Structures are given as C-alpha cells and as structure tokens.
Amino acid sequence: MAHPKRRTSSAVRDKRRTHYKLTPKAVTLCPNTGELHLRHKAYVVDGDLYHNGQLAIKNYAKTNAAPAADATGDDE
C-alpha cells in the first residue's frame, strides 16, 4: 500500500485544492412561461409540466399526486 515519504505541506495541499470548487447551476428563463428553470429539465408551472418551452403534460400536478395510504407511519 502506498504511503507518503514526506508530509505534504499545507501550501502544497491548498494549491492542489484550488480547483475543487462548485460551479453554478445553469438556469434559464422560459420565453413562454417566464419561469426560471434548470436547463434540460422538465419543470412545473401552474400544475402543467413543461419541457423545452412547450407544454408536455397538462394538469401534471393532479395526475402525479398519489394518494397517501397511511401518513402517520404507525404499523399497528
């Protein structure tokens, strides 16, 4: 198993970590709905599902809602 011969200094360690950073998410404004959304993802506006600026499924929120069998979580 590999192990270092010398201790890595904090300067070398920190220089290596300068590229470990997050990039901002690509957010776009829909020209049809005016809604901000993630690119290449479907999004819901007023209960309708949109993708690529076009209506994909009308009344998506109503059809997607599944009835909750037992919301309390008791197994008795």
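Just above sits the structure.
Definitions and limits used
Residues numbered from 1 in each chain as written. Predicted model: local features only at pLDDT ≥ 70, side-chain atom pairs only at ≥ 80, totals over all residues. Heavy atoms only, no water. Phe/Tyr/Trp six-rings, centres within 6.5 Å; stacked < 30°, edge-to-face > 60°. Buried < 20%, exposed > 50% of the residue type's maximum accessible area, 1.4 Å probe, protein only. Helix = DSSP H or I, 4+ residues; strand = E, 2+ residues; numbered from the N terminus. Contact = heavy atoms within 4.5 Å. Pairing = 2+ DSSP bridges. Axes fitted to C-alpha atoms, helices over the stretch in contact; angles between N-to-C directions.

## Focus: the packing of aromatic side chains
1) Next: The full count for this structure, using the stated rule, is 1 aromatic pair.
2) Next: Arranged with centres 6.0 Å apart and planes meeting at 20°, the rings of Y43 and Y50 form a pair that is stacked. Pair check on accessibility: Y43 and Y50 agree, each one buried.

## Things to note about unusual backbone geometry
1) Next: Notably, D46 is not glycine yet its phi reads approximately 55°, a positive angle.
2) Next: Checked against the element boundaries, D46 lands in the loop between β3 (43-45) and β4 (48-51).
3) Next: Residue D46 is classed as exposed on the basis of its relative accessible area, which comes to 76%.

## Re the side chain of H37
1) Next: With respect to the helices and strands, the residue H37 is situated in strand β2 (residues 36-38).
2) Next: In this structure, H37 is in contact with A26, V27, T28, C30 and Y43, ignoring residues within four places of it in sequence.

## A few points about the pairing of strand β5 (residues 54-57)
When a strand is regular, its side chains alternate between the sheet's two faces.
1) Next: Pairing analysis gives 3 bridges linking β4 to β5, with the strands arranged antiparallel. Residue pairing in the sheet places L49 in a bridge with I57 of β5.

## Here we look at the sheet that holds β3
1) Next: Taken in spatial order, the 3 strands line up as β3-β4-β5 in an open sheet, and their pairing is antiparallel. The open sheet has two edge strands, β3 and β5, and neither has a second partner. The average angle at which neighbouring strand axes cross in this sheet is 50°, direction not considered.

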